Amino acid sequence: MLLELQEISLSYGRIQALHEISLTVDQGEIVALIGANGAGKSTTMRAVSGLRPVSHGKIIFDGQDITKLRADLRVVRGVSQSPEGRGIFPGMTVRDNLEMGAYTRRNRVEINKDLDRAFSLFPRLKERERQMGGTMSGGEQQMLAVGRALMSRPKLLLLDEPSMGLAPMLIQQIFDIIVEINQQGTTILLVEQNAQQALSRAHRAYVLETGRIVKSGTGSELLSDPSVKDAYLGVA
Ligand code: ATP
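What comes next is a walk through the structure. The shown structure was predicted, so the numbers you read here are calculated from the model rather than taken from an experiment. (Residues numbered from 1 in each chain as written. Predicted model: local features only at pLDDT ≥ 70, side-chain atom pairs only at ≥ 80, totals over all residues. Heavy atoms only, no water.)

**Quick notes on the environment of Glu 110**
Part 1: By secondary structure assignment, the location of Glu 110 is in helix H4 (residues 108–121).
Part 2: In contact with Glu 110, not counting residues within four places along its chain, are Arg 105 and Arg 153.
Part 3: At 2.8 Å, the side chain of Glu 110 forms a polar contact with the side chain of Arg 153. (Helix = DSSP H or I, 4+ residues; strand = E, 2+ residues; numbered from the N terminus. Contact = heavy atoms within 4.5 Å. Polar contact = N/O pair within 3.5 Å; in protein donor to acceptor, adjacent residues only side chain to side chain.)

**Details of the layout of surface pockets**
Remark: the empty space left among the atoms is shown by a probe the size of a water molecule rolled over them.
Part 1: Its volume calculated, the largest pocket comes out at about 390 Å³.
Part 2: Elements that contribute at least two residues to the lining of the largest pocket include exactly helix H2 (71–77), strand S6 (79–82) and helix H6 (138–150).
Part 3: At four residues, the largest contribution of residues to the lining of the largest pocket is made by H2.
Part 4: Residue composition of the lining of the largest pocket, by class: nine nonpolar, five polar and three charged.
Part 5: Residue assignment places the lining of the largest pocket across two domains, with domain 1 (23–53 + 68–78 + 154–236) and domain 2 (89–153) each supplying three or more.
Part 6: Of the volumes computed, that of the second largest pocket is approximately 180 Å³.
Part 7: Gly 38, Ala 39, Gly 40, Lys 41 and Ser 42 are, among the 17 residues lining the second largest pocket, the residues nearest its centre.
Part 8: At four residues, helix H1 (residues 41–49) tops the list of elements feeding residues into the lining of the second largest pocket.
Part 9: Partitioning the lining of the second largest pocket into residue classes produces five nonpolar, eight polar and four charged. (1 Å grid on protein atoms, 1.4 Å probe; cavity = no way out; pocket = protein on both sides within 12 Å on 5 of 7 lines; lining within 4 Å. Points joined across faces, edges and corners; volume = space filled by probe spheres on them. Nonpolar A, V, L, I, M, F, W, Y, C, P; charged D, E, K, R; others polar. Domains from an automatic or database assignment.)

**Structural notes on unusual backbone geometry**
Part 1: Here Glu 7, not a glycine, exhibits a phi torsion of approximately 45 degrees, which is positive.
Part 2: Summarising the element assignment, Glu 7 is placed in strand S1 (residues 3–12).

**A closer look at the pairing of strand S10 (residues 212–218)**
Part 1: Here six bridges tie strand S9 (residues 204–209) to S10, and the two strands are oriented antiparallel to one another. Bridge pairing links Glu 209 to Arg 212 in S10.
Part 2: Hairpin connection between S9 and S10: a loop of two residues separates the two successive antiparallel strands, and Thr 210 in this loop has a positive phi of roughly 35 degrees. (Pairing = 2+ DSSP bridges.)

**Section: the environment of Ile 8**
Part 1: Relative to the helices and strands, Ile 8 resides in strand S1.
Part 2: By relative accessible area, Ile 8 is classed as buried at 0%.
Part 3: The spacing of Ile 8 and Lys 58 is 50 residues in sequence and 6.2 Å in space, taken between C-alpha atoms.
Part 4: Once you skip the residues sitting within four places of it in the chain, Ile 8 turns out to touch Leu 18, His 19, Glu 20, Ile 21, Ala 47, Val 54, His 56, Gly 57, Lys 58 and Ile 59. (Buried < 20%, exposed > 50% of the residue type's maximum accessible area, 1.4 Å probe, protein only.)

**Details of the site of the ligand**
Part 1: Around the ligand, 14 residues are found, and the nearest of them are Gly 38, Lys 41, Ser 42, Thr 43 and Gln 193.
Part 2: Ser 42 places a polar main-chain atom, nitrogen or oxygen, 2.8 Å from an oxygen atom of the ligand.
Part 3: In the model, an oxygen atom of the ligand is placed 2.6 Å from a nitrogen or oxygen of the Gln 193 side chain.
Part 4: Put simply, the ligand lies in the second largest pocket.
Part 5: By residue number, the principal contributor to the shell around the ligand is H1, which donates four residues.
Part 6: Classifying every residue of the shell around the ligand gives four nonpolar, six polar and four charged. (Near = heavy atom within 4 Å. Sits in = over half its atoms within 2 Å of the grid points.)

Right, dumping it as structure tokens:
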């Protein structure tokens, strides 16, 4: 098991956003978290990446308890997040944005290899290598954020809404790339509003409702589950 959340709770002031959530991600899997707006998907990601402290429960990563570990040290251990809303550096070139993703690493040869890998996954980034991040289109910035997260060579890649704001054709493409990244050996935990795509690409998934996990199963089990269809897939 690569990641295990054991009954974690998290609050923003007096608002409890997560109620004793437990989930696991095995080495090599794509696991999706789906749920309505405000269900706690992004909050779960923040708990894993260390951007918000949990008030209860444990986070085990790669056999170690990381519950109280600082976010930057989690990156060093192999957890990397591509945040919702992209969060790239607008005043830096595409190439420098990617380089920033490798800030914890020193081996130039290996970093260059990963730059080449990011450019081959996202040819658009190669074409725009010297363009400022902030002048890239929304979809291109999304690709840049995923490329940058990969530059830390993570064991676990956290993707928060990678399809957000993308045109339908690009949604297919970004999910194809996610599957390719996974097939190259990176384990992925994915948060998505686009439940259809997420469930059809993920090995397993969890459904969150108001801060609690209400259902879990394989992607195909959940795709054919009547209550999931009804609530998240827009078909009865
Ligand atoms: P969406 O799909 O809309 O992004 P989500 O499932 O990712 O939703 P979260 O962003 O995790 O949901 O939010 C869970 C709950 O926590 C919501 O009720 C939200 O209002 C609350 N919340 C999130 N961030 C904060 C914050 N910084 N301060 C206070 N409350 C917050």
